[in-house]
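Geometric and topological summary
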Amino acid sequence: MAYRTFRPRLAARPIETPAFERPALPGSVVDAVLRFHDEEQDQGSGRTLLRLSEKRLRAPEVKKALGKLTRRAANVAILWNDDEGQIIRVLEAA
């Protein structure tokens, strides 16, 4: 039985997905929300939702800490465990 000779093929072009995927949320945004948050909503069972208000986003120290990521930080909320003192989940609106 004879085998065909191997001929390498060009790889298919990867599908560009910038419209579908957004880059991961930088840690500096999470840090800024934890440090500068001014809205706290009790979620029950020792959990609190932390956010930055529009007024707080305009503060000079927050603008300096976030830079270009200020608009993205407006859509970030952190679910905080008060009993353990740690982040449960970081939520970002689309």
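Bear in mind the structure is a predicted one, so any value in this text is a computation, not a measurement. Residue positions are counted from 1 within each chain, in the order its sequence is given. Side-chain atom pairs in this predicted model are given and counted only at pLDDT of 80 or more, local residue features only at pLDDT of at least 70, and totals for whole chains, interfaces and linings cover all residues. Remark: hydrogens and water are excluded; side-chain values derive from all non-hydrogen atoms of the structure.

With that settled, consider the nonpolar core. In terms of nonpolar packing, the biggest core is built from 15 residues, with Leu52, Leu57, Val62, Leu66 and Ala73 touching the most fellow members. When contributions to this core are tallied by element, the ones reaching two or more residues are helix 1 (27-36), helix 3 (60-66) and strand 3 (76-81). Numbering of helices and strands runs from the N terminus; a helix is a DSSP stretch of H or I covering at least four residues, while a strand is a stretch of E covering at least two. Here this core takes five residues from helix 1, the largest share from any one element. Nine residue types can take part in a nonpolar core, namely buried Ala, Val, Leu, Ile, Met, Phe, Trp, Tyr and Cys, and a core is a set of them joined through side-chain atoms within 4.5 Å. The buried label applies to any residue whose accessible area, calculated with a 1.4 Å probe on protein chains only, is under 20% of its type's maximum; exposed applies above 50%, and partly exposed to all values in between.

One non-glycine residue, Ser45, adopts positive backbone phi at about 55°. Within the secondary structure layout, Ser45 lies in the loop between strand 1 (39-44) and strand 2 (47-51).

Before going further, it helps to examine the sheet that holds strand 1. The pairing criterion is simple: DSSP has to find at least two bridges between the two strands. Judged by pairing direction, the sheet is antiparallel, and its four strands sit side by side in the order 1-2-3-4 without closing on themselves. Only two strands of the sheet have a single neighbouring strand rather than two, namely strand 1 and strand 4 (86-92). Across this sheet, the average inter-strand angle for adjacent strands is 25°, counted without regard to direction. Note that strand 3 and strand 4 share six bridges and pair antiparallel. Considered in strand 4, the bridge of Trp80 is made with Ile87. Contacts are assigned to residue pairs that have any heavy atoms within 4.5 Å of one another. For helices, the axis comes from a line fit to the C-alpha atoms of the stretch in contact; other axes are also lines fit to C-alpha atoms, and the angle between any two N-to-C directions lies between 0 and 180 degrees. Packed onto the sheet, helix 1 meets strand 2, strand 3 and strand 4 and runs at close to 65° relative to strand 3.

In this section: the layout of surface pockets. Summary: where empty space remains is shown by rolling a probe the size of a single water molecule over the atoms. In this structure, the largest pocket occupies an estimated 160 Å³ of space. Partitioned by chemical class, the residues of the lining of the largest pocket number two nonpolar, one polar and three charged. In this analysis the probe radius is 1.4 Å and the grid spacing 1 Å, with only protein atoms considered; a cavity is a set of points the probe fits into but cannot get out of, a pocket is an open set with protein on both sides within 12 Å along at least five of seven lines, and lining residues have an atom within 4 Å of a point. Grid points are joined across faces, edges and corners, and a volume is the space filled by probe spheres set on the points. Side-chain classes are defined by residue name, with Ala, Val, Leu, Ile, Met, Phe, Trp, Tyr, Cys and Pro counting as nonpolar, Asp, Glu, Lys and Arg as charged, and the others, Gly among them, as polar.

So, on to the pairing of strand 2. Across five bridges, the pairing between strand 1 and strand 2 is antiparallel. Each bridged residue has a counterpart across the sheet, and for Gln41 the counterpart in strand 2 is Leu49. Adjacent in sequence and paired antiparallel, strand 1 and strand 2 are bridged by two residues, among which Ser45 carries a positive phi angle near 55°. Across four bridges, the pairing between strand 2 and strand 3 is antiparallel. Its bridge partner lying in strand 3, Arg47 is registered against Asn81.

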